[in-house]
Structure formats: C-alpha cells, structure tokens
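So you can see what is in the structure, the chains are spelled out below.
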Amino acid sequence: DVALVRAQRAGALVILGSATPSLESYQNAVTGRYRLVELRRRVQDRPMASVHVVDMRAEYAERGPDVVLSSALAAALRARMAAGEQAVVLLNRRGFATTILCRRCGETVECPQCSVALTVHKGARRARCHYCDHAVPLPEACPSCGGLVIEYEGIGTERVEAELSALLPDARIARVDRDTIQKRGAIATILARFAARTIDVLVGTQMIAKGHDFPQVTLVGVISADVGLGMADFRASERTFQLLTQVAGRAGRGDQPGEALIQTLHPDHYSIGLARTQNYLAFFEREVEYRRRLQYPPLVSLVNVIVRGSTEREAAAGA
C-alpha cells in the first residue's frame, strides 16, 4: 500500500510480484485496475514440486496423539539425508509447547495481562506470552493448586528441532524463528550456512517459507498445516494457502526434483487441497465467492478501530 501511494505521487511504475497475490491485488488485476502479467513456468522449465498430503488422523490412530513427524515425513527425511540432499521443515509456531497444563486441577498457566496460555521455551527455561512478552521461569508446581503433575501440550519449532535431532542424529540441524535470530545478522548467518551446505535441515516458522533459493533442497515438510486455519480471521484460509504454496516452492529449485509433505488434520479443506495442486486461480475463485457472500474484502473495504485504555472504563469513554 505504501509503495502504491509513493509511486502514485512520484508518477512511477510499480511491479507487485508474488506466486500467491493477496485477493485484493488479484481482484484489482481481474477488474482492470492493475495490469496482470503472468509467469506460467519455472526457470528452465523445471517441474513444480510434487506435493502430498498426510492425514494425521490416521497417524494419531495408529501411533498415538504425540506424533510430531509422520511415518512418511520421517522416511523421506532419512532418504534425503542418505542422498546428501537438504530439507526444510516448517511449523508456524515457535517455542517447545503451547500450553502448560496441571493434571491435578486442569488449569493452564496464563499471562496475567493477556489471559492467554504461556508458551514453553524449554531451552531458555521460561514460559512466555507471545503477545506482551511477559515471562516467568518454568513452574515446577501448579501456580493454582500446587500440584506436581505438570504436562506440556502442543508443539512449536523448538520441539520439532528436538524430534529431528532424535530422528537424524548425524544431521546438522538449525532453527530459524524469533527466538534464534534476535541478534543482529543472525538470520543472514544461518541462511549463509544453509546455502554453503554446512546445515542439512532447516526448521522454522514462516520466515523460511518465502523468497529463498537453495538448489539442494529437495524436501519440504509441513508439520501442521492447520495452525493458521483456526485463527479468528477471515483471511485464515488465504494465509494458509499462501504459506503452503510458498513453502512447497522451496523444493526442487535445482536439478533434482522436489517433494513436499503436508501434515494436516483437515486434508479435505479447500485451502490445503488447492495448495497441494498449487492452483492459485482455483483458490481465488473459491475464496472470493465466500468473501462475496459474507461481504468481506476484496469486495468491500473494512476499517479496524482499536481503542486502548489503562482501564475498561477509560477505554469505553474513549470509544
């Protein structure tokens, strides 16, 4: 949006480039407000990565609810490491676990300011709120009842890294998320090592999904494609489709063909099914009809107004 306004004022040309344009941008192209230019083939006519969906309901039924790496993804990772190739593993949720649960009283440890569950960061031995950054040491007993049976529920990138290390003890594994790249230049260093092939498996959040070109990456694994689908956001399906399509595009960018394995509990969801075939136009047509029926962008414009105050009464008075 800023680029468009600045270009309009300067009389400049803007080129917006993406394999997965926002619905607003593509709607502008369809209606003639933008001129549409399409690249229908990869460089040197390389094939797109073959994408397979893994139904995690069957995995959980066979192996229990704590499975992180499906049998198919584990086998594919072993094969790629044996062949001397590289892999990218995506989970768009950082930390080791998403919830600290007391088995005695059933309470979860929450942020006192945001009333959301604190995320476990095992390496730092802290439980942290991803909204306001409030943090406490990992509790050894339940803050509510004093119970000593504390369990960690849900998974994040830190847990995935640990599972990969157990599966591939000889592989060189690195993690890219907000916890590992806080120092200036940290992400550039990790990506340079991956490009130099001193890292075999790169695991991370959405920041590893777009724009990177690593010719030796032949496998992409998505741990949970459902993370974004449950968000209270009318763009949840769009963002899921974009993320899956983009990360699948990291595989097979060199001479070797690429493969992507998407783990999900919702294999029949249209955003996942159309990401599997990497069919943007079909997704746009399906999604824009949903937006039209519910009067959401790009068919209308919405304004989001947030009023903040130190007390509820102050916020209400301001509103």
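Residues numbered from 1 in each chain as written. Predicted model: local features only at pLDDT ≥ 70, side-chain atom pairs only at ≥ 80, totals over all residues. Heavy atoms only, no water.

1. Quick word on the overall build of the protein
Which entries qualify depends on this criterion: By the criteria applied, helices consist of DSSP H or I runs no shorter than four residues and strands consist of E runs no shorter than two, each listed in order from the N terminus. Within these notes, the globule rule equals 2.2 Å times the number of residues to the 0.38 power, and the radius of gyration is based on C-alpha atoms. Accessibility here uses a 1.4 Å probe with only protein chains present; expressed as a share of the type maximum, an area under 20% marks a residue as buried, one over 50% as exposed, and anything in between as partly exposed. In this description, accessible areas are obtained by the Shrake-Rupley approach with a 1.4 Å probe, and a residue is regarded as covered only by the protein chains that are shown. Within this scheme the basic residues Lys and Arg register as positive and the acidic residues Asp and Glu register as negative, but His and the chain ends are omitted. All charge positions are set by atom: Lys at NZ, Arg at CZ, Asp at CG, Glu at CD.
Helix and strand content of the protein: 10 helices and 11 strands. A compact globule built from 319 residues would reach a C-alpha radius of gyration of about 20 Å, and the protein, at 22 Å, matches this within 12%. Seen through its principal axes, the protein has C-alpha atoms that stretch 65 × 65 × 40 Å. Evaluated residue by residue, the protein yields a buried proportion of 43% over its 319 residues. With the model as given, the accessible surface of the protein reaches about 18,300 Å², and the carbon-plus-sulfur share is 49%. Separation between the mean location of the 40 positive side-chain charges and that of the 34 negative ones in the protein comes to 6 Å.

2. Considerations on the sheet that holds strand E4 (residues 119–121)
To keep things clear, this is the line we draw: Criterion used throughout: strands pair if DSSP finds at least two bridges between them. Helix axes are fitted only over the stretch in contact, all axes being lines through C-alpha atoms; the angle between N-to-C directions runs from 0 to 180 degrees.
Reading across the sheet, the three strands line up as E4-E5-E6 and stay open at both edges, with antiparallel pairing between neighbours. A strand with exactly one partner marks an edge of an open sheet, and here the two such strands are E4 and strand E6 (135–137). Strand-to-strand, the axes of this sheet are offset by a mean angle of 30°, without reference to chain direction. Bridge analysis of E4 against strand E5 (residues 126–128) gives three bridges, and the strand direction is antiparallel. Within E5, the residue paired with histidine 121 across the bridge is arginine 126.

3. A closer look at the packing of aromatic side chains
The criterion, for reference: Aromatic pairs are defined between Phe, Tyr and Trp rings, using the six-membered ring for Trp, whenever the two ring centres lie within 6.5 Å; interplanar angles under 30 degrees are classed as stacked, those over 60 as edge-to-face, and all others as tilted.
A full pass over the atoms with the stated rule returns nine aromatic pairs. Pairing tyrosine 26 with tyrosine 280 gives two aromatic rings, centres 5.1 Å apart and planes at 70°, and the pair type is edge-to-face. Remark: tyrosine 280 occurs in helix H9 (residues 280–294) and tyrosine 26 occurs in helix H2 (residues 23–30); sequence separation between them is 254 residues. By relative accessible area, which is 11% here, tyrosine 26 ends up buried. Three or more aromatic residues joined by ring pairs form one cluster here, namely Tyr26, Phe241, Tyr270, Tyr280, Phe283 and Phe284.

4. Here's the deal with the pattern of salt bridges
Going by this rule: Each salt bridge in this description consists of a side-chain nitrogen of Lys or Arg and a carboxyl oxygen of Asp or Glu lying within 4 Å of one another.
One pass over the structure, following the stated rule, counts 21 salt bridges. Notably, a salt bridge pairs arginine 103 with glutamate 153, separated by 3.1 Å at the nearest N-O pair. Taken as a pair, arginine 103 in the loop between strand E3 (99–102) and E4 and glutamate 153 in strand E7 (residues 150–153) lie far apart in primary sequence, 50 residues in all. We classify arginine 103 as partly exposed; its relative accessible area is 48%. In this structure, aspartate 133 engages arginine 128 in a salt bridge whose closest nitrogen and oxygen atoms are separated by 3.2 Å. Residues joined by salt bridges that share partners form a network here, namely Arg80, Glu85 and Glu259.

5. Regarding a nonpolar patch on the surface
For clarity, the cut-off: Patch construction takes residues with relative accessible area above 30% that form no salt bridge. Like charges are linked within 9 Å, and nonpolar side chains (Val, Leu, Ile, Met, Phe, Trp, Tyr) are linked within 5 Å.
On the surface, Val303, Val305 and Val307 cluster together into a nonpolar patch covering about 310 Å² of accessible area. On the secondary structure map, valine 303 appears in the loop between H9 and helix H10 (312–318). Judged by its relative accessible area of 77%, valine 303 falls in the exposed class.

6. Some words on the nonpolar core
Stated precisely, the cut-off is as follows: Within this scheme, the nonpolar core is defined by two criteria: the residues are buried Ala, Val, Leu, Ile, Met, Phe, Trp, Tyr or Cys, and they are joined through side-chain atoms within 4.5 Å. Residue contacts are counted whenever heavy atoms from the two residues lie within 4.5 Å of one another.
Grouped together as the largest cluster of nonpolar side chains are 39 residues, with contacts concentrated most on Ile190, Phe194, Leu202, Val220, Val222, Leu244 and Ile262. A total of five residues in this core trace back to one element, the largest contributor, which is helix H7 (residues 236–248). Residues contacting valine 222, with those up to four places away along its chain left out, are Leu90, Leu244, Val247, Leu261, Ile262 and Gln263. In terms of nonpolar packing, the next biggest core, distinct from the first, is built from 26 residues, Ala76, Val89, Leu164 and Val203 among them.

7. Remarks on unusual backbone geometry
Proline 297 connects to proline 298 through a cis peptide bond whose omega is 10°. Within the element layout of this structure, proline 298 appears in the loop between H9 and H10. You will see that arginine 125, though not glycine, has its phi angle at about 55°, which is positive. Structurally, the position occupied by arginine 125 is in the loop between E4 and E5. Its identity as a non-glycine residue notwithstanding, arginine 197 has a phi of 65°, on the positive side. Mapped onto the elements, arginine 197 comes out in the loop between helix H6 (186–195) and strand E9 (201–204). By relative accessible area, which is 35% here, arginine 197 ends up partly exposed.

8. Structural notes on the pairing of strand E10 (residues 217–222)
For a regular strand, side-chain orientation follows a simple rule: the groups alternate between the two sheet faces. What counts, and what does not: For a crossover, the right-handed case is the one in which the path from the first strand over the helix to the second runs clockwise, viewed with the strands pointing away from the viewer.
Most of E10 sits inside the fold, with six of its six residues counted as buried. Across five bridges, strand E2 (residues 86–90) lies against E10 in parallel orientation. The residue bridging glutamine 86 from the neighbouring strand is valine 217, located in E10. Pairing of E10 with strand E11 (residues 259–264) involves four bridges; the strand directions are parallel. Across the sheet, the residue bridging to valine 222 is isoleucine 262, located in E11. Following the backbone out of E10, through H7 and into the adjacent parallel E11, one traces a crossover that is right-handed.

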